[in-house]
Amino acid sequence: MPTELRQELQKKRQFASDASHEMRTAVTGLRAELEEARLYPDQTDLHDLLARALGGVDRLDAILTDLRVLGEMDAGPPMEPQQIDLAELVRDEVSRRVDRLDVQLLLQPRVTVQAVPIRIVRLLTNLLDNAQRHAQQMVEVRVSRAGDSAEVTVADDGEGIAESERERIFERFTRLSAARRLDHKGTGLGLAIARDIAQAHMGTLHAEESATGGACFVLRLPLARPTPPASRRARQMPGEGYGPLALPRITGRERDATKR
C-alpha cells in the first residue's frame, strides 16, 4: 500500500475512533444522570434533571451536525461556487444573529471572492461563536483586501491563545481548557471545520493575537477575477479565454480549481 494511502487510512480510522469516543462520552453522561434519578427519585429535582439531560442531548446533536458537515465536505456532491461580496455576506449574517455582545464591523466594500456561500457562512458562524464564547466586551469583524487576497478577521478581547497552541486548536476534537470551562457542550470540531472550508476554497485560516490581547482568526481567500465587459462576454465561448482570437482551453488543474 502506498505511504500516502496508508497515512490517509490511518487518519480516517483515528477520526472515526475520536468521533466514537466523543459520542460515547456524551451518552455515558446522559445515562448516568437518568440512572441516578431512577435510583433516587425522591432526591431528584425534576426540573434540574431535565435541564441537564437536554444539555446532553444538545451536545449529541451538535456532534452529529458537525460530523454531517465534515462528511458532506469529504464525500458529498460538489457545490457550485458563486461570486460573493464578503462585506455584504458578513453584514447579513451578523444582522441575523442574537449574540451576547454586539459585533463591531469594519467592512471594505466590493471585496469579492469565488466561493460557496453556505460554506463561507458556516466558517463565519464558527468563528463568531468562538469569539462570543471567549470575549469579555468586544468582538470585531474586518473585511479588507490584502494584495491579491480577500482578508476576513474575527477578533475578541478574551484571554487569547498561547502561541504554542495556535495550530493545535484546528485539530479535530481538540478543546483547550478555557473552551471546556466556558462551554461544556462544544464539540471541538468548529475550528477544524472552518479551516477545512478555507482550504477547500484554496485559502488559509490561522490564529494570532488580536490588538486587545485576545484571539484573532485570519481568513484569506483568493480575490475573484474581474467580470469582463458584456461586449467581450458575448464573444466568449463557455470555458474558453476572452477575445475573438485567443481561445486557450482550460487545463485540468484549472478546471479542478474552478469546481472547489
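Residues numbered from 1 in each chain as written. Predicted model: local features only at pLDDT ≥ 70, side-chain atom pairs only at ≥ 80, totals over all residues. Heavy atoms only, no water.

1. A short note on the overall build of the protein
Then, number 1: Tallying secondary structure elements over the protein gives eight helices and seven strands in all.
Then, number 2: Looking at the protein as a whole, 38% of its 260 residues are labelled buried.
Then, number 3: Contacts in the protein between residues far apart in sequence, at least 24 positions, make up 68% of those at least 6 positions apart. (Helix = DSSP H or I, 4+ residues; strand = E, 2+ residues; numbered from the N terminus. Buried < 20%, exposed > 50% of the residue type's maximum accessible area, 1.4 Å probe, protein only. Contact = heavy atoms within 4.5 Å.)

2. Focus on the packing of helix α4 (residues 117–134) against helix α6 (residues 190–200)
Then, number 1: Packing of α4 against α6 brings their axes to within 9 Å, and their N-to-C directions diverge by 145°. Our pair here, α4 against α6, has a crossing hand that is left-handed. In this structure, α4 contributes Arg 119, Ile 120, Arg 122, Leu 123, Asn 126, Leu 127 and Asn 130 to the contact, and α6 contributes Gly 190, Leu 191, Ile 193, Ala 194, Ile 197 and Ala 198.
Then, number 2: Across the contact of α4 with α6, the residue classes break down as eight nonpolar, three polar and two charged. (Axes fitted to C-alpha atoms, helices over the stretch in contact; angles between N-to-C directions. Left-handed = near helix turned anticlockwise from the far one by under 90°. Nonpolar A, V, L, I, M, F, W, Y, C, P; charged D, E, K, R; others polar.)

3. Points about the environment of Leu 54
Then, number 1: Mapped onto the elements, Leu 54 comes out in helix α2 (residues 46–75).
Then, number 2: Looking at Leu 54, the relative accessible area reads 53%, which means it is exposed.
Then, number 3: Distance in space between the C-alpha atoms of Leu 54 and Leu 30 is 8.8 Å, their sequence separation being 24 residues.

4. Some words on the sheet that holds strand β5 (residues 149–156)
Within a sheet, neighbouring strands are paired by backbone hydrogen bonds and run either parallel or antiparallel to one another.
Then, number 1: The strand order across the open sheet built from five strands is β2-β4-β5-β7-β6, with neighbouring strands paired in mixed fashion. Either end of the sheet is taken by a strand with one partner, and the two such strands are β2 (103–107) and β6 (204–209). Neighbour-to-neighbour, the strand axes of this sheet turn through a mean angle of 15°, independent of strand direction.
Then, number 2: Bridge count for β5 against strand β7 (residues 215–222) is seven bridges, and the pairing is antiparallel. Opposite Ala 150, over in β7, you have Leu 221 as the bridge partner. (Pairing = 2+ DSSP bridges.)

The values reported here are purely geometric and, on their own, carry no functional implication.
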